[in-house]
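Report on the structure
Each chain, letter by letter, is given below.
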Amino acid sequence: MNFPFRPLLRSMLVFTFAALSACASPSIKPDTRERHPLLLISIDAFRPDYLDRNLTPTLASMVTEGAHAPYMLPSFPSLTFPNHYTLVTGRVPDHHGIVNNTMSDPALGRFSLSNRSATSDGRWWDGAEPIWVTAQKQGLRTATMFWPGTEASIRGMRPDHWIAYDGDITSNGRVDQLLAWIDEPGKKPMFDTLYFDTVDHAGHEHGPDSPEVNAALVDVDAALARLVAGLKARGLYDRMDIIVLSDHGMAYLPPDHVIFADDIADVTQLDEVSYGVMATFNLREGSGSAKAEAALLAPHEHMQCYRKGDLPARFQYGTHPRVPAIICMAQTGWTIVSHAGLAKRTSPMSLGEHGYDNQDPTMRALFVARGPSFQPGATIAPFPNVDVYPLMIHLLGIHGESNDGHFDEVKDALRPAAR
Ligand SMILES: [Zn+2]
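Residues numbered from 1 in each chain as written. Predicted model: local features only at pLDDT ≥ 70, side-chain atom pairs only at ≥ 80, totals over all residues. Heavy atoms only, no water.

Between any two of four tetrahedral donors, the ideal angle at the metal is 109.5 degrees; between two of six octahedral donors, it is 90 or 180 degrees. Here the zinc ion is held by the protein donor atoms D44 (OD), D44 (OD), T80 (OG1), D247 (OD) and H248 (NE2), which lie 2.0 to 2.7 Å from it. Written as a sequence motif, the donor residues of the zinc ion are D-x35-T-x166-D-H. Taken as a pair, T80 in helix α3 (residues 80-89) and D247 in the loop between β9 (241-245) and β10 (251-252) lie far apart in primary sequence, 167 residues in all. Overall, T80 belongs to the buried group, its relative accessible area being 8%. (Donors = N, O, S within 2.8 Å, 3.2 Å for Na, K, Ca; no water. Helix = DSSP H or I, 4+ residues; strand = E, 2+ residues; numbered from the N terminus. Buried < 20%, exposed > 50% of the residue type's maximum accessible area, 1.4 Å probe, protein only.)

Glancing now at helix α10 (residues 211-233). When the terminal C-alpha atoms of α10 are compared, their 33 Å separation across 23 residues agrees well with the 33 Å that a helix rising 1.5 Å per residue should span. Every buried residue of α10 is accounted for by V213, A216, L217, V220, D221, A223, L224, L227, V228, G230 and L231. The inward-facing, buried residues of α10 abut β1 (38-43), α2 (57-65), α8 (171-183), β8 (189-196), α9 (198-206) and β9. (Expected span 1.5 Å × (residues − 1). Contact = heavy atoms within 4.5 Å.)

Assignment of secondary structure puts I242 in strand β9. In this structure, the C-alpha to C-alpha distance between I242 and G371, residues 129 residues apart in sequence, is 6.1 Å. Those residues within four positions of I242 in sequence are excluded, and the remaining contacts are L39, I41, L231, Y237, V368, A369, R370 and F374.

Now for the nonpolar core. Ranked by internal contacts, the top residues of the largest apolar core, which has 58 residues, are W125, I131, I243, F367, F374 and L391. Top element by residues in this core is helix α14 (residues 388-396). It accounts for seven residues. When residues of this core are assigned to domains, at least three fall in each of domain 1 (5-252 + 359-418) and domain 2 (258-349). Leave out the neighbours within four places in its chain, and W125 touches F81, Y85, I98, F111, A118, T119, P148, G149, A152 and I154. Counting 39 residues, the second largest nonpolar core, distinct from the first, contains L178, L217, V228 and L366. (Core = buried A, V, L, I, M, F, W, Y, C linked by side-chain atoms within 4.5 Å. Domains from an automatic or database assignment.)

On to α9, then. Every buried residue of α9 is accounted for by V199, D200, A202, G203 and H204. Where α9 is buried, its residues meet β1, α10 and β17 (352-353). A positive phi of about 90° marks G207, the residue just after α9.

Here we take up the pattern of salt bridges. What the rule picks out here adds up to 16 salt bridges. The closest approach of N and O atoms between R370 and E65, which form a salt bridge, is 2.9 Å. Pair noted here: R370 is in strand β18 (residues 367-370) and E65 is in helix α2, with a separation of 305 residues, a long-range link. We classify E65 as partly exposed; its relative accessible area is 34%. Two residues, E401 and R155, come together in a salt bridge whose shortest N-O distance is 3.7 Å. (Salt bridge = Lys/Arg side-chain N within 4 Å of Asp/Glu carboxyl O.)

As a further point, take the packing of aromatic side chains. Geometrically, a pair of aromatic rings is defined through the distance of the ring centres and the angle of the planes. Under the counting rule described, the total for this entry stands at 12 aromatic pairs. Both rings, one in F81 and one in W125, keep their centres 5.8 Å apart while their planes meet at 45°; by these two values the pair is tilted. Placement of F81 in helix α3 and of W125 in helix α6 (residues 122-125) is noted, with a sequence separation of 44 residues between them. Using a relative accessible area of 13% as the deciding quantity, one classes F81 as buried. Summarising the aromatic geometry, the rings of F111 and W125 are spaced 6.0 Å apart at their centres and angled 70° between planes, so their arrangement reads as edge-to-face. (Phe/Tyr/Trp six-rings, centres within 6.5 Å; stacked < 30°, edge-to-face > 60°.)

Our next topic: the side chain of H320. Counting through the fold element by element, H320 comes out in the loop between β14 (303-307) and β15 (326-330). Excluding residues within four positions of it along the chain, H320 makes contact with D94, G97, V99 and K308.

Take the domain arrangement of the protein next. For the protein, the assigned domains read domain 1 (5-252 + 359-418) and domain 2 (258-349). Look at where the C-alpha atoms of domain 1 and domain 2 centre, and you get two points 31 Å apart. On the domain 2 side, the residues contacting the 21 residues of domain 1 number 18 residues. Contact between domain 1 and domain 2 buries roughly 1,700 Å² in total, counting both sides, with carbon and sulfur atoms accounting for 52%. Of all residues in domain 1, F76, D94 and V99 give up the largest surface area on contact with domain 2, accounting jointly for 39% of the area buried on that side. Between the two partners, domain 1 and domain 2, sit one salt bridge. Taking the shortest distance from any N to any O, the salt bridge between D105 and R322 comes out at 2.9 Å. Taken together, the connections running from domain 1 to domain 2 amount to 10 residue pairs in polar contact (both at pLDDT 80 or more). Those elements that provide at least two residues to the side of domain 1 that touches domain 2 are β4 (103-105), α6 and β10. (Buried area = accessible area lost by both parts, 1.4 Å probe. Polar contact = N/O pair within 3.5 Å; in protein donor to acceptor, adjacent residues only side chain to side chain.)

The next point concerns the confidence of the model for the protein. Mean pLDDT over the protein: 93, with 92% of residues reaching 70 or higher. Counted against residues more than four places away or in other chains, residues 1-26, with its pLDDT under 50, gives 12 contacts. (pLDDT = per-residue confidence, 0-100.)

Turning to the state of the cysteines, a few remarks are in order. Counted under the stated rule, the structure contains one disulfide. Two residues share a disulfide in this structure: C305 and C328, whose sulfurs sit 2.2 Å from each other. Here C305 and C328 share a disulfide; its torsion about the S-S bond, 110°, makes the bridge right-handed. One end of the pair, C305, is in strand β14; the other, C328, is in strand β15, and 23 residues separate them in sequence. (Disulfide = S-S within 2.5 Å.)

Further remarks concern the pairing of strand β6 (residues 141-145). Where burial is concerned, most of β6 is hidden: four out of the five residues are buried. Here β6 runs beside β8; their pairing, made up of five bridges, is parallel. When the bridges of β8 are listed, M145 appears paired with L194. The pairing of β6 with strand β7 (residues 161-162) spans two bridges and is classified as parallel. Following the sheet pairing, T144 is matched in β7 by W162. (Pairing = 2+ DSSP bridges.)

Structure below.
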């Protein structure tokens, strides 16, 4: 159980050492690396093997011109909001507090992706400080063309440029908005984000091997080509560091791969928090609740349930107060529902899902990076996505917050002069 504390201890040691060396050794060379603007691009649910479909020539040229890893490991659970916040904080979901896309908190109520008053409430997010807040506190400007958390004032700050999430803005439209912010007179943003969701939507609706996913790959690559052309026209393409990544992959979900939790236990005795790939419940007082808990915790086909303190250590999950008492995980390619929930559904079941065991190969994420700091042609070993944060902190030359990542694991993506 020492893993939750190790990273914090490590960063405290690093900080202490840095403070000591700053005082004791005035002869230490200052960091004179040139700073470049950094653009972080997320293509939601882009599985790294999608590159092999030869539908994304712009991304393929970034792989050739820059550095990449065969894949990046998402954090658990392999869901959108938890992983996007991990990428910008360097902390696993259990340590930053966005522990699921659907959560409950005794003080704050319910959080879900469609609940705009919750997603824009900084109290859900302030368990960690996102990099745009840290950068702004240290004098850098930021522009975020969507990223989970950017709609909320976190620790009193929003990005310098941001807009409320609007799924109707096309991939090209998002590129144009970011370029418009870059064009504004005055101090230029040094940290930007861009977020594309068409690949995720097509993957959920039609499955990862569908023609619709292929069409979405073409759509996103065209937007990347528009971005590259726009940056080149401004003389910025070779002066900007660009990281293109995804939050998680996508697994095929056959329509009949459904597990009914209410056939297994009397779930009316529990407080349901979420259903789906991960079904989570809180307990109530009384024997009915304990009986339902025992029924869930017994062995089942295609589903395993745990008490929050009993999850395998490699998930690094279960200490945060927002993690419900019981976590039921579906086997990859399955989902957990209730008869009542299914009857209320207005949309067809998904043919693609994520949120499974983060070490399942279908959950792997993309990592490609190019620009003046990155080593052309470098292939680095697969790494966990907590390492992106210390990499970005290094590139921006700012002081980061304590985190679970390790710069050493990703530094070989950089040119020697940029390390
Ligand atoms: Zn996602």
